[in-house]
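# Results of the structural survey
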Amino acid sequence: MDMKARPPEQQIFHLTGRRQGDSLRAIDGLGLRPALLAPYRDLGALRHDFPLVLVDGSDATDFVRPLSRLVDELLQDVAPRGVEGERLRRHGLQLERNIRREVDAGAGGTLAELWETAAAGLGAREGETLEQVLNYAAGSLRADGEVLGCTPKMPARLITHAWRATRNARARQFRVEVGRLTLKLSDILRAAFSHSQAGCQPASLKAAIGGSHQDAFDFDALSRIVGKGAPHDELPPARRARLEHTLVVLQSQRFFATHEDAVDEENYSFEFDNCAAAIQAWRDRIDEVVALVKAISIAELEIHGRYVEAEHNLLFATFDASSLSADDLARFPDYLVCIPPERNDAPENASLMDMLSSGLPVKVLVQTSDLLEDTSIGTGHFAFGVRSARLATAAMGLGGMYVLQSTSSNLPALHFEIARGLECRGPALFSVYSGSAAGATLPPYLNAAAAMHARAFPAFTYHASAGGNWATRFSLQNNPQPEDDWPVETLTWCDDAQQRIEQACAFTFADFVLCDPRHAAHFALVPRAQWSEAMLPVAEWLALDEGSAAQHVPYLLVVDADDLLQRVIVDAKVMQATRRCLLLWHRLQEHGGVHDSHAERLLARERAAWAATQQAIAAASAAVPAAPAAATPAETEVAAPARSRDEAWIETARCPSCNECQLINDRMFGYDERKQAYIKDLSAGSYRQLVEAAESCQVAIIHPGKPRDPNEPGLEDLLVRAEPFR
Amino acid sequence: MSQSLSSCVIKLHQEHHALEDYQGGVPRWCNGCGDNAILAAMQRLCADENLAPENTVFVSGIGCSSRLPHYMKTYGFHSLHGRAFPVAEGIKMARPDLNVFVSTGDGDCCSIGAAHWIHALRYNMNITVVLHDNHVYGLTKKQASPTSPRGLKSNTTPYGATLEPMNPLTVSLGVQGASFIAQGVDWIPEVLYDILRAAYLHRGFSFVRIIQRCPEFMPKVFDPWLHDPQRTMLLTHKDGLTLSPGIASAYRNQREHDPINIDRAREIASLDDPIPVGILYRNPDAPCYEDLRHAGQLRSPEYIRAGLDREFDKYTVWPEGHAEA
C-alpha cells in the first residue's frame, strides 16, 4: 500500500485531528459505540453480576451474592426438573428481570422487599396464584439483604458491608478472649476472697449456700472452724492491685460492643470519610490500645501463674505505642476510610500516602470516576487519571500493604480478594473506577467493564505479606485474556447480502475513549464509500513499525444508533494515549509474570547453553567408545554403609525399645535420645551376653560380630550361635 | 516485634521439654513387648512437639495397652474397660485446648468398647487414638479378642477361635465422619513415629491401629512379617508418608496411595498379607464435633448455677399440697 492510495483527508485528520474536505463526518450526536458493545444496549434484560445482594449476617468471605446466582439456586431448589418446572423457572427469571430494572431505575431495599413488590407486579398481570407461588418460593432464598445496582455509591456500600463482616468476626473472637481472661482473673480474686478472713465470716458463708438450705447450717460455728488461721488476704497488695486494674481495663474497653447485638453509643466508631479524621481518631485512642494490650498480656501471665514482677514490671512500664506489633493491632477493628470520589484531592485527604506507608491498620477506598481527564497543565494529552487512577500502582511501590485495583463492575468477582484485603494486617488500599463519569453515555456498569477490557483500568491485587516474591504477591486475576495486549472477541454481523460474518475484533483503549462524548473530536466517521485498504484496525496499526504505520490510518469498528456497522478513524493523540496505555499494561504483565523480559532473556540464554552442551556431548560420544553407566543418585543414596562381619553393632533405627537387651546388660546396651538401643560399651559385657541379646532381640537387629576375648569360655559354641546374626 | 505482646511474654518463660520429662514410671510390660515401642514413639512425639505436660492427657481403658498413661509424665485417666473414648470426649468438650490421647487395646476398643469406638469415629473430635492390637487379651493371661486369628487356642477358645478376626481398619473406614485412619507396626519404629506425628497434627479423630507383638502369649505370630520385609507394604504419598532412604531400601514393597482416596483406602485396608503400613485415609475438612457444638463454653459461676438449677429442677419433688403452679 502506498501513500497515493490513501485519501489525504484521512491522513490529515489522523495527524492533526482536524477534518478537511467533506469526506469525513464528525461523530457528535451520532450515538456511536464500539461494535463489540452493540449487544449490551438493554442491560436490564441481560443476566449479569448486578444487582448485588449484600448478605445479612454473613461471614467475612461470603458477604455478597449476585441476584442472578441466588435466583438460580432458588429455582434449582424449588422448580421441578424438566418441563414441569419450566413455568416456574420462566416466572422466576421474569421476576429477576423486573427487580433488575427497578434497581436500575433507582429502587432500593432488601431482596425480600423487592421480591414482594415484583411478585405483586407479576401477580397483577398473571393472576394472584402466581403471586402466592412466588412469595412462597421466596422462603427458599438462601440469603437476604440490601440490593445494590452498579451505581457510584455501590463500591463504598459494598466495602463497608464487607468491612463490618470482618469487624464482627473479630469482635466475636475478642469477646471470647476477653471473656475468658475476665472470668479467670475473677476466679483468682474469688478464690482469694474465699480463703481470706472476710470470706470465712458467717455472712459470707451464708451467702455461699443456696437459699433453701440456709437454716440447716450454723454459720457462726462453721466460720469458727474454716476461718481458723485464714489469712487477711492471701494476695500480696501489688498483685491484687494489678489484678483489679487489669480487670477494670478489660471490662471498660470501648473498641467492641460487649454483646453480639449490643448497640453501645459509648463505643468507638471506626468508619470515616476522610484520612484526617481517621488519623486523629487513631491518635486519640492509642493510649487505650496500649493499655488494653498490656492488660491482655498481664492477664495471660497471671492466669498461667507466670507473672514475675522483677521482669515483667519493667517490661510493661516501658511498653508504649511504638512497641505495638501487627499482631497486637490485629485484635482491634481496622479504620475504614471511604473517600467520596469528589473529595479525592481535598486537603483532608492529602495525608493518604503517608497514612498508608506508616503501616497503620487502615482500609481505604479511593474511587475514580474519570479516567480521561486532561493533564492539569493543559497540554491536551490524557492524564490517565494520575491523581487517583494510578494511585494503586504508586501504593504498590511503597510496599508493606495490600492493594486492590478494580473497576466497580468487577468487584463481585473479586469478593474473596476484598475479604483478604480487609482481613490482612496493616494498611490496605482499594482503588476502584466507578464508571460514572459526568456526561457518560454508557451506564456505569458497561462503562466500568469497558475500562477494564480496554486496559484503561486493569484489575490487580498486590499482597505484600503473601510471599517473598512478585509471583506470590501480585495477581492479574480477572482481567480478560491477560496474556494478550488487548482482549479479542468475535464480532458477528450481517452484511448487505444478509450473510452472517464473523470477525475477530480487539477492544482497545481507543474504543474506551470513543465511549466518552467529550472526546468525540478525536474521531471521524468514514463513509462506507471511502473505506480503503489503507485503513487498519487500531490493534493492528499499533503492531506496525513506524514506517509502515505512517502508510496507514487506524480505525475502529463501531455501530450507530441503528446498529449499522461503521468505521471511525482515530487521531494521533488518542493513538499516542493508546500506545502509552499498552506500555503500562505491559509493565503490569511483567509484574504478573506474563512476557517477563528478564525471564525470557534468561530462557534464551539457557537454551543456547543447552544447545551448545548437547552439541559438545554429541561430538564427544562420536569420538569416544561408550563408558559403563555411572550409578544413579538414587542408587548411591540408598546404598547402605558397609559393615564388617566382625564388628558388633545394632541397627538402632529399627529398635522398638523393648528392653530385652538392656535387661541382659544395661551397661553394654544403652538408649539414645530417641530411646532406641545402641552398643554403649562393648567392654562392659561378655561375648555370651552379646550373643544372647542377639538371640532374644524380637526384631533381630543386634549383630554380635566376633569375640573380643579369644579366651572366653564356650567360645566355639557361641560362634555357632552368633553366625545367623553376624 | 511481629508477634503479639501476650504471646511474646508467655513464650519468654516457655519451658522446653526433653524426652525424659515425659517418662513416668518404669514400664511393667513383659520383656520384648511391642507396647514399649509405642510408648517410646509417643514420648518422642511429645518431646518433639514440645507438648506442655500440664496440657496433655492420656486416657485409657483396661488392658496391657491401657497402662500407658502410667508411664507418661502427663495427666492421665486410667478409666473403665472400653470407656476410654467417652472419657476422652468429655475432656475434649470441657477443655478443647488440651492435647488428648487415647491408648486402647483390641479387647478394650473392639469388644466391650466397640459402640463407643464407632461413635467416637463419627463424632470426629480432635483426639489422637492408638489401638495396640496384639490380637489377644494379655493382661488376663490369654483369651481370644475380636482380632485374634481364626483357630487361636486360648483360655476361652480351647479348640481354637471360631470366627474370622475383625479388621479395625475396614470397620473404621466404614463409619461416616471418620477423618484419619492409619496403620503402623511396632517393629518399624521410624515409620511408627511418622504415623503418630501425622495423626497428632491432623485436626480430628486420628485413629492409628498398631499391630504389636506379644512375646508372652502370641510368640512367633508375627515372625513371618518380621523376617520378610516384602510382606510389609509401605504406603507413600506427598500428603502421606515420605520414607527415609534407609527405610525405603529396607522395605522395598511400597505403594503410592493418596490418603484422600477413601475407596482405595478401603481396598488397601482389606489386605492382611502384606500388611499395609501408613496413612490410609485423611480428610482434613471433616468437621469436628467440638467445633459444631462450640465446645469450651466459659463456665462462669452464673452459668454453672443456672445449669445446676436446671438439672435439679428436673428432680424437684414438691410436697403434697405445694405442687408447682
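Once that is clear, we can look at the overall build of chain A. Looking only at helices and strands, one finds 26 helices and 22 strands in chain A. Expected size for 726 residues packed as a compact globule is a radius of gyration near 27 Å; at 39 Å, chain A overshoots this value by more than 25%. Projecting the C-alpha coordinates of chain A onto the three principal axes gives extents of approximately 120 × 105 × 65 Å. When the 726 residues of chain A are sorted by exposure, 46% land in the buried category. When the accessible surface of chain A is summed, it comes to about 35,900 Å², and 52% of that surface belongs to carbon and sulfur atoms. Positive and negative charge centroids in chain A, built from 72 and 97 side chains respectively, lie 1 Å apart.

So, on to the pairing of strand E14 (residues 500-506) of chain A. Residue and element names in this part refer to chain A. In the sheet, strand E13 (residues 488-494) pairs with E14 via 7 bridges, with the strands oriented antiparallel. Looking at the pairing, glutamate 489 lines up with cysteine 505 of E14. Counting the residues between successive antiparallel strands, the hairpin from E13 to E14 contains 5 residues, one of them, glutamine 498, with a positive phi of roughly 60 degrees.

Now for the sheet that holds strand E4 (residues 64-66) of chain A. Residues and elements named next belong to chain A. As summarised here, the arrangement of the 3 strands in space is E4-E3-E5, forming an open sheet in which the pairing is antiparallel. Two strands in the sheet have a free side with no partner beyond their single neighbour: E4 and strand E5 (145-148). Between one strand axis and the next, the sheet turns through 25 degrees on average, direction left out of account. As judged from the 3 bridges shared by strand E3 (residues 52-55) and E4, these two strands associate in the antiparallel manner. Across the sheet, the residue bridging to leucine 52 is proline 66, located in E4. In this fold helix H6 (residues 154-195) packs onto E3, E4 and E5, with an angle of close to 25 degrees to the strand it touches most, E3.

Counting residues at the interface gives 37 residues for chain B, matched by 42 residues for chain A. Together chain B and chain A conceal approximately 3,200 Å² of surface at their shared face, both sides included; 60% is due to carbon and sulfur atoms. Glu54(B) serves as the salt-bridge partner of Arg306(A), at 3.9 Å between the closest nitrogen and oxygen. Remark: the boundary between chain B and chain A carries 6 residue pairs in polar contact (both at pLDDT 80 or more). Contributions of two or more residues to the side of chain B that touches chain A are made by helix H1 (5-12), helix H2 (35-48), helix H7 (189-201) and helix H9 (245-250) of chain B. Of the residues forming the side of chain B that touches chain A, the biggest block, 6 residues, is contributed by H2(B). Residues that form the side of chain B that touches chain A fall into these classes: 18 nonpolar, 13 polar and 6 charged.

Residue and element names in this part refer to chain B. On the surface, Tyr303, Ile304, Leu308 and Phe312 cluster together into a nonpolar patch covering about 400 Å² of accessible area. Counting through the fold element by element, leucine 308 comes out in helix H12 (residues 301-313). Assessed through its relative accessible area of 42%, leucine 308 is described here as partly exposed.

This next bit is on the sheet that holds strand E10 (residues 254-256) of chain B. Residue and element names in this part refer to chain B. Strand order in this open sheet of 9 strands is E2-E1-E3-E4-E8-E7-E11-E9-E10, and the pairing throughout is mixed. The two strands at the open ends of the sheet, each matched to only one other strand, are strand E2 (75-78) and E10. Each adjacent strand pair in this sheet contributes to an overall mean axis angle of 20 degrees, direction not counted. Two elements, strand E9 (residues 232-236) and strand E11 (residues 275-282), share 3 bridges in a ladder whose sense is parallel. By the bridge assignment for E11, methionine 233 is matched with proline 276. Sheet contacts for helix H3 (residues 84-94): strand E1 (56-60), E2, strand E3 (99-105) and strand E4 (128-133); angle to E3, the most-contacted strand, approximately 180 degrees.

Counting residues in hydrophobic clusters, the biggest one holds 152 residues, and the most contacted among them are Val364(A), Ile418(A) and Phe512(A). In terms of residue count, the dominant contributor to this core is helix H10 (residues 275-303) of chain A (15 residues). The residues touching Ile418(A), leaving out its near neighbours within four places in the chain, are Phe63(A), Leu158(A), Ile159(A), Ala162(A), Leu404(A), Leu411(A) and Phe430(A). In this structure, Ala648(A), Val699(A), Met42(B) and Ile247(B) belong to the second largest nonpolar core, which totals 65 residues.

All right, on to the confidence of the model for chain B then. For chain B, the average pLDDT comes to 92, and 97% of its residues sit at 70 or higher. Scored as a complex, the prediction yields pTM 0.75 and ipTM 0.71.

Residue and element names in this part refer to chain A. Under the 1.5 Å per step criterion, the end-to-end length of helix H3 (residues 86-104) is 27 Å for 19 residues, consistent within 8% with the ideal 27 Å. For H3, the set of buried residues is Leu88, His91, Gly92, Gln94, Leu95, Glu96, Ile99, Arg100 and Val103. Contacts made by the buried residues of H3 are with helix H2 (67-78), helix H4 (111-126), helix H5 (128-138) and E5.

This part takes up the layout of surface pockets. Put simply, the largest pocket is a space of about 2,000 Å³. Along the wall of the largest pocket there are 48 residues; nearest its centre are Val176(A), Glu177(A), Arg180(A), Lys184(A) and Leu298(B). At the level of elements, H6, helix H9 (237-251) and H10 of chain A together with H12 of chain B are the ones that each hand at least two residues to the lining of the largest pocket. It is H6(A) that contributes the most residues to the lining of the largest pocket, 15 residues altogether. Residues of the lining of the largest pocket, tallied by class, amount to 15 nonpolar, 18 polar and 15 charged. By volume, the second largest pocket is sized at about 770 Å³. Together, 33 residues line the second largest pocket, and Leu36(A), Leu37(A), Ala38(A), Pro39(A) and Tyr40(A) are the ones closest to its centre. Among the secondary structure elements, those contributing two or more residues to the lining of the second largest pocket are helix H16 (444-453) and E13 of chain A.

Conventions used here
- Every residue gets a number counted from 1 within its own chain, in the order that chain's sequence is written.
- Chain labels run from A onward and ligand labels from 1 onward, assigned in the order the entries are written.
- Residues qualify for local features only when their pLDDT is at least 70, as the model is predicted, and side-chain atom pairs are given and counted only at 80 or more; totals for whole chains, interfaces and linings, by contrast, use all residues.
- In computing side-chain properties, one takes all heavy atoms of the structure into account and sets aside hydrogens as well as water.
- Where helices and strands are cited, they refer to DSSP runs of H or I of at least four residues and of E of at least two residues respectively, numbered from the N terminus.
- Throughout, radius of gyration means the C-alpha value; the globule benchmark is 2.2 Å times the number of residues raised to the power 0.38.
- Each residue is placed in one exposure class: buried if its accessible area under a 1.4 Å probe, protein chains only, is under 20% of its type's maximum, exposed if it is over 50%, and partly exposed if it falls in between.
- Shrake-Rupley sampling with a 1.4 Å probe provides the accessible areas, and residues are treated as covered by the protein chains on show and by no other component.
- Positive charge is attributed to Lys and Arg, negative charge to Asp and Glu, and no charge count is given to His or to the chain ends.
- Every charge is mapped to an atom, namely NZ of Lys, CZ of Arg, CG of Asp or CD of Glu.
- Any two strands with at least two DSSP-identified bridges between them are counted as paired.
- Angles here are taken between N-to-C directions and fall from 0 to 180 degrees, while the axes themselves are lines fitted to C-alpha atoms, restricted in helices to the stretch in contact.
- Contact definition: two residues touch when any of their heavy atoms are within 4.5 Å.
- As a working definition, buried area equals the accessible area (1.4 Å probe) given up by two parts on being put together, with both sides summed.
- Salt-bridge detection follows one rule: a side-chain nitrogen of Lys or Arg within 4 Å of a carboxyl oxygen of Asp or Glu.
- N or O atoms closer than or at 3.5 Å make up a polar contact, with two conditions inside protein: a donor-capable atom paired with an acceptor-capable one, and, for residues adjacent in sequence, both atoms drawn from side chains.
- Put simply, Ala, Val, Leu, Ile, Met, Phe, Trp, Tyr, Cys and Pro go in the nonpolar bin, Asp, Glu, Lys and Arg in the charged bin, and everything else, Gly too, in the polar bin.
- Residues form patches when they are more than 30% accessible in relative terms and have no salt bridge. Like charges link within 9 Å. Nonpolar side chains (Val, Leu, Ile, Met, Phe, Trp, Tyr) link within 5 Å.
- Working definition of a nonpolar core: buried Ala, Val, Leu, Ile, Met, Phe, Trp, Tyr and Cys residues. They are joined through side-chain atoms within 4.5 Å.
- Scored from 0 to 100, pLDDT reflects the predictor's confidence in each residue.
- Given the number of residues in a helix, its expected span is that number minus one, multiplied by 1.5 Å.
- Site definitions follow a grid-based scheme: protein atoms alone, a 1 Å grid, a 1.4 Å probe that fits but cannot get out for cavities, and for pockets an open set with protein on both sides within 12 Å along at least five of seven lines, plus lining residues having an atom within 4 Å of a point.
- Grid points are joined across faces, edges and corners, and a volume is the space filled by probe spheres set on the points.

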